[in-house]
Amino acid sequence: MLEGLASEALGIDLGGTKISAFRVAEDGSVSARQTVETPADDSEAIFEAVVASAKEVSGGEVVAVGIGAAGMIDFRAGVLRYAPNLAWRDFPVVERVSKALGLPCLVDNDANVAAWGEYKFGAGVGSKHMLLVTVGTGIGGGIVDGGRMFRGAHGFAAEIGHIIVEPGGPPCGCGNLGCWEQVASGSAITRMGRNAVRSHAKSLLAEMAENDVSKVTGAMVTEAAKKGDPVSVEIIATAAQRLGEGIAGLVNVLDPEIVVVGGGVIAAGDMLLGPARVAFVDSVEASDFRPKVQLVAAKLGNDAGGIGAAAMALEELAG
């Protein structure tokens, strides 16, 4: 670390709806935080909000800033090439933010920094080869290989949610049909929930939604399932099976020690992870002849991205 300076960095988690800023110490502890809405449709307004949030939580001992953003990041160039839910296109994040804050800066994919947070301070502690699967509106991923973040040739690695698993299936925001995230994410649960309300008008889920399909959300399906609604329990189990099958394919390719599952859908707990584990064991190659790969819930929750971004900045910029 930089001599004479405390090991603190800023971590910015930039999403399509909110910007969360953290001041984080070397041990992963958070000393300041702030969350604001993302002005997602205005490129310069996004930049200004990021800088303002960083300044709000900054202190005199901060030595670097790390940013995690939902999109395709050219890590080496420090440029966000494309983000589906942000106005930034080929935006020079590192150059602009570093100049505005007077600090060395890096930017990486939001799932990558979340993976680094879980690896350093969460469910992945003690491992060297870890896969993070984030299951929210979509599915994202981060790969730690041999204690290092794996980014691929162009920085775009681990876009795992866009593996096509059902040709001709539900349309995805990426432009393809039948991507994994369209059958195993919060969006899939919402879609199945709305279809269920149409066909099961007397279910608890339909009652909760007042038989209005537009009111159904993934969180509502999870709540109904926790209350014992058999229709909703089946929906969660279906998504969990597809999740476990997809993880099995990734384990066949990557051979991690541990798979950490995070994101909003993890609120379903073992109702999701239980069937996912069963489907994983049933689908992974030679399950009886390979070391056991654990599927565990993430520990850092919504803080993983900011903590991971700060930790990454401390290691890569202040080391």
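Undergrad: Could you give an account of the overall build of the protein, naming the residues involved and the relevant values?
TA: Along its length, the protein carries 10 helices and 13 strands. In summary, the protein has a C-alpha radius of gyration of 20 Å against a globular reference of 20 Å for 319 residues, a match within 12%. Projected onto its principal axes, the C-alpha coordinates of the protein cover approximately 65 × 50 × 35 Å. Expressed as a percentage of its 319 residues, the buried residues of the protein come to 51%.

Undergrad: Help me get a handle on the pairing of strand β8 (residues 105–109), residues and values and all.
TA: Across the five residues that make up β8, a large majority, five, are buried. As judged from the five bridges shared by strand β4 (residues 62–69) and β8, these two strands associate in the parallel manner. The partner of V65 across the bridge, within β8, is C105.

Undergrad: Please provide a residue-by-residue account of the sheet that holds strand β5 (residues 72–74), values included.
TA: Spatially, β5-β6-β7 is the arrangement adopted by the three strands of the open sheet, whose pairing is antiparallel. Where the open sheet ends on each side, the last strands, each with one partner, are β5 and β7 (89–91). With strand direction ignored, the average angle separating the axes of adjacent strands in the sheet is 20°.

Undergrad: Now, about the packing of aromatic side chains: what can you tell me, with residues and values included?
TA: One pass over the structure, following the stated rule, counts three aromatic pairs. With centroids separated by 6.2 Å and ring planes inclined at 45°, the aromatic side chains of F47 and F91 adopt a geometry described as tilted. Placement of F47 in helix α1 (residues 43–57) and of F91 in strand β7 is noted, with a sequence separation of 44 residues between them. The pair F47 / F91 is uniform in exposure class, with both members buried. Across the ring face of F47, the terminal group of R96 is positioned such that the distance to the ring centre comes to 4.1 Å. Its guanidinium or amino end placed over the ring of F75, R151 lies 3.5 Å from that ring's centre, counting from NZ or CZ.

Undergrad: Now, about the pairing of strand β6 (residues 79–82): what can you tell me, with residues and values included?
TA: Consecutive residues of a regular strand have side chains that alternate between opposite faces of the sheet. Here three bridges tie β5 to β6, and the two strands are oriented antiparallel to one another. Bridging across to β6, D74 finds its partner in V79. Linking β5 to β6, which pair antiparallel, is a turn of four residues; within it G78 sits at a positive phi near 70°. Hairpin connection between β6 and β7: a loop of six residues separates the two successive antiparallel strands.

Undergrad: Tell me what's going on with the nonpolar core, and back it up with residues and numbers.
TA: Formed by 44 residues in total, the largest nonpolar core has its most connected members in V133, W180, I235, L243, I247, V259 and F280. Looking at this core, the element that brings in the most residues is helix α8 (residues 230–254), giving 10 residues. Residues in contact with V259, not counting those within four places in the same chain, are L131, V133, I247, V251, V293, Q294, L295 and V296. In this structure, A49, L80, V93 and V94 belong to the second largest nonpolar core, which totals 31 residues.

Undergrad: Lay out the environment of I258 in plain terms, naming residues and giving numbers.
TA: Relative to the helices and strands, I258 is located in strand β12 (residues 258–262). When the C-alpha atoms of I258 and S58 are compared, they prove to be 34 Å apart, with 200 residues separating the residues in sequence. Excluding anything up to four places from it in sequence, I258 contacts A123, S127, H129, M130, L131, V293, Q294 and V296.

Undergrad: Provide a residue-level description of the side chain of S203, including the pertinent values.
TA: Position of S203 among the secondary structure elements: in the loop between α5 (186–199) and α6 (204–208). Taking the relative accessible area as the measure of exposure, S203 reaches 10% and is therefore buried. Here A206 takes part through its backbone nitrogen, which lies 3.1 Å from a polar atom of the side chain of S203. In contact with S203, not counting residues within four places along its chain, are D229 and V231.

Undergrad: Break down the pattern of salt bridges for me, with residues and values.
TA: Across all of its chains, the model carries 14 salt bridges by this definition. Close ionic contact of D74 with R81 constitutes a salt bridge, the shortest N to O distance being 2.9 Å. Among the ionic pairs, E166 bridges to R242, the shortest N-O distance being 3.2 Å. Of this pair, E166 sits in the loop between β11 (148–149) and α4 (181–184) while R242 sits in helix α8, and the two are 76 residues apart along the sequence. Overall, R242 belongs to the partly exposed group, its relative accessible area being 23%.

Quick notes on the rules
Residues numbered from 1 in each chain as written. Predicted model: local features only at pLDDT ≥ 70, side-chain atom pairs only at ≥ 80, totals over all residues. Heavy atoms only, no water. Helix = DSSP H or I, 4+ residues; strand = E, 2+ residues; numbered from the N terminus. Rg over C-alpha atoms; globule rule 2.2 N^0.38 Å. Buried < 20%, exposed > 50% of the residue type's maximum accessible area, 1.4 Å probe, protein only. Pairing = 2+ DSSP bridges. Axes fitted to C-alpha atoms, helices over the stretch in contact; angles between N-to-C directions. Phe/Tyr/Trp six-rings, centres within 6.5 Å; stacked < 30°, edge-to-face > 60°. Lys NZ or Arg CZ within 6 Å of the ring centre and 35° of its normal. Core = buried A, V, L, I, M, F, W, Y, C linked by side-chain atoms within 4.5 Å. Contact = heavy atoms within 4.5 Å. Polar contact = N/O pair within 3.5 Å; in protein donor to acceptor, adjacent residues only side chain to side chain. Salt bridge = Lys/Arg side-chain N within 4 Å of Asp/Glu carboxyl O.

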